[in-house]
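So you can see what is in the structure, the chains are spelled out below.
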Amino acid sequence: MKRWFVLFIAFTFIFSVNTPTQGSEANITIPNKIKVGLYYGSSSRNSYELSSDVGFVVGRIQNKNPFTVVSFSDKLLDVCSTSSSNFTPEKSGISDRETAAEYATKLINRGTKCYLFFDNNWSVWVDNNSNNSNAASDLIMIKGDSKYPAVILPVSAESPVFFAGSDLKTPISIEGRRYRGMLEMTTSGNLIQVVNELGLDEYLYGVVPCEMPSNWDIEALKAQTVAARTYAVANLGKWQNYGFDVSAGSSDQVYGGFSEETAKTNQAVDQTSGQILLYDGKPITAFYHADSGGRTEACKDVFGIDLPYLQPVDDIVPSQSPYETWQISLDELSKRYNTYASSSIGDIKEIIIAETTLAGRAKKLLLKGTKGETLLSSDDIRNLLQLKSNYLDIAQDQTAVPAANLGLAVLSGDGSKKNIRLSGINILSQQGINHTKGDCAVISAEGIAKKITSSYNTPNTSDDIYVISGHGCGHGVGMSQWGAKAMAENGYSYTEILYHYYTGVEITP
């Protein structure tokens, strides 16, 4: 018992002491710990394989404090959910695991399936062969590769079962991926939810290399780190109904754990430790994306929230990214829409940008097909059409200039400005009055002839000439990662990068 008491004190000291960092300029509390959802909802399972180079300590969290129950020297553990209805207590009130194991071993040698159960005292339980698969799981069963019988621990949302390396420092692996800190398990039905609790900067060690290539300039990596730390702090408790702060997937920030860490990205985290972005004294919602295509987007036009620090800005340096300009044919667009949409409109024959955002991205897109038409909003444009971004140009060939991008208007006698269509209007030229039915040609100031395609005309839909061109990758809000890379490579510091993409913010401390 003394050994368990010492383990409890040591574990409590290492994992529970959580002195917050105070932002010096705005008195912002930055927590040292964060809980990350690894397996939950549809991704959760009823069993997992864990491994550790140094063995394990396993216990329960009671009143938010970890209490170590048992140590395993085993390097591999099989963990599964089960129900108390499947077992019958054989002997209770045993003082320690060794004594319980000795008693269970005798029964096992007689052909009885036995398990060691702990709930403040050790007991020996036997399998009652009920196999009640419909009963909700209220137990976690842990089996190593040593001589000891499997250990069973009670589990609840208020009292998760935790796993950590036996030295409380070495990362442990679940399903082949290693994580720092400890893993906490609870059950939902017959499935086990897994949460990784660890230090905030340890979490960022596993985020930055997943969100930005680790071989990029250190200043870009530091800008990414501060943005990622700010996002985490601003979203603490986002998933509180599931018992964690942020998810490990792209719905928040991609987190790969210790398995993804690199020396360079860890350096970026260490050199910016404690720094977050503030606006009006509060952590900002630090959105970022792959490539802006040259100009970022206003938050209100993507997420419906008007935030003063997330406004359109132009990239200072061309990104030279693989997403800078891309194209997709009308035929491919038809295939994608009819694959992902709930109903088909047939082959798409015409596409019109019906409305654009302040930054010039497509906000509404009208698709006309052989079986009908549909008007897509900003979210559906990327999701249903699987486009890299909404920053689009639509033309009949690669040299055409979309009429929607020209902003052609007339000024009437009463001073009002009116947009006009290119098709179906009369033009007075040297040859007299001409009625436009299709494309028009203009001579630009540079003397270059350009064909103007009216968005209101029925285009030639031959796949080899009707092309949708796009720019950038992602939602376009906040920091452009490729833009940050270009700035860093041209001598800009990480603070200059952040101040450029996040309007009017401050960095603390």
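Keep in mind the model is a prediction, meaning the values are calculated, not measured.

Things to note about the overall build of the protein
- Scanning the protein from N- to C-terminus turns up 9 helices and 36 strands.
- Within the protein, buried positions represent 49% of all 509 residues.
- A fraction of 67% describes how many contacts in the protein between residues 6 or more apart in sequence connect residues 24 or more apart.
- Carbon and sulfur atoms make up 47% of the accessible area of the protein, which amounts to about 23900 Å² in all.

Notes on helix α7 (residues 378-385)
- Listing the buried residues of α7 in full gives S378, I381, L384 and L385. Here the buried residues of α7 occupy an arc of 160° about the axis, which is enough to place them on one side.
- Residues of α7 that are buried sit in contact with α6 (330-340), β24 (362-369), β25 (372-377) and β26 (392-395).
- Taken from the residues just after α7, Q386 is the one with a positive phi, measuring 55°.

Overview of the sheet that holds β25
- Pairing is antiparallel in the open sheet, where 3 strands are placed in the order β23-β24-β25. Because the sheet does not close on itself, it has two edges, and the strands there are β23 (348-356) and β25. Averaged over all pairs of adjacent strands, the angle between strand axes in this sheet comes to 15°, irrespective of strand direction.
- Where β24 meets β25, 6 bridges bridge the pair, whose relative direction is antiparallel. Paired with L367 across the bridge in β25 is T374.
- In the packing of α6 onto the sheet, contacts are made with β23, β24 and β25, and the angle to β23 comes to roughly 80°.

Structural notes on the pairing of strand β22 (residues 326-329)
- Burial of β22 is one-sided: the residues W326 and I328 facing one way are buried, the residues Q327 and S329 facing the other way are not.
- Here β22 pairs with strand β34 (residues 467-470) via 4 bridges, running antiparallel. Its bridge partner being in β34, I328 is matched across the sheet by I468.

Observations concerning the side chain of T225
- Along the chain, T225 falls in helix α4 (residues 218-234).
- Since its relative accessible area comes to 0%, T225 is described here as buried.
- When residues no more than four places from it in sequence are discounted, the contact partners of T225 are L204, V208, A268, V269 and T272.

Some words on the sheet that holds β22
- Read across the open sheet, the 3 strands follow the order β22-β34-β26; overall the sheet is antiparallel. Each edge of the open sheet is held by one strand with a lone partner, namely β22 and β26. When the angles between neighbouring strand axes are averaged without regard to direction, this sheet yields 25°.

Looking at the packing of helix α3 (residues 200-211) against helix α5 (residues 263-271)
- The geometry of α3 relative to α5 is characterised by a closest axis approach of 9 Å and an angle of 135° between their N-to-C directions. Between α3 and α5, the angle falls in the class oblique. Taken as a pair, α3 and α5 cross one another with a handedness that is right-handed. Touching D201, L204, Y205, V208 and P209 of α3 are T265, N266, V269 and D270, all from α5.
- For the contact of α3 with α5, the residue count by class is 5 nonpolar, 2 polar and 2 charged.

Definitions and cut-offs
- Residue positions within a chain follow its written sequence, with the count starting from 1.
- A pLDDT threshold of at least 70 governs which residues receive local features in this predicted model, and a stricter bar of 80 or more applies before side-chain atom pairs are shown or counted, although totals over entire chains, interfaces and linings include all residues.
- Each side-chain value is worked out from all heavy atoms of the structure, with water and hydrogens disregarded.
- Secondary structure follows DSSP: runs of H or I at least 4 residues long count as helices, runs of E at least 2 residues long count as strands, and numbering of each begins at the N terminus.
- To sort residues, take the accessible area from a 1.4 Å probe on protein chains only and compare it with the maximum for the residue type: under 20% means buried, over 50% means exposed, and anything in between is partly exposed.
- Two residues form a contact once any of their heavy atoms are found within 4.5 Å.
- Surface accessibility in these figures is a Shrake-Rupley result with a 1.4 Å probe; residues are shielded only by whichever protein chains are displayed.
- Arc, as used here, means the arc of the directions from the helix axis to the C-beta atoms.
- A pair of strands is labelled paired if DSSP reports no fewer than 2 bridges between them.
- With axes taken as lines fitted to C-alpha atoms, and helix axes fitted only over the stretch in contact, angles between N-to-C directions fall between 0 and 180 degrees.
- Throughout this description, any angle smaller than 35 degrees is read as roughly parallel, any larger than 145 degrees as roughly antiparallel, any in the 65 to 115 degree range as roughly perpendicular, and the remainder as oblique.
- Crossings are sorted by hand: turned counterclockwise from the far helix by less than a right angle, the near helix makes the crossing left-handed, and turned clockwise it makes it right-handed.
- Here the nonpolar group is Ala, Val, Leu, Ile, Met, Phe, Trp, Tyr, Cys and Pro; Asp, Glu, Lys and Arg are the charged ones; every other residue, Gly included, is treated as polar.

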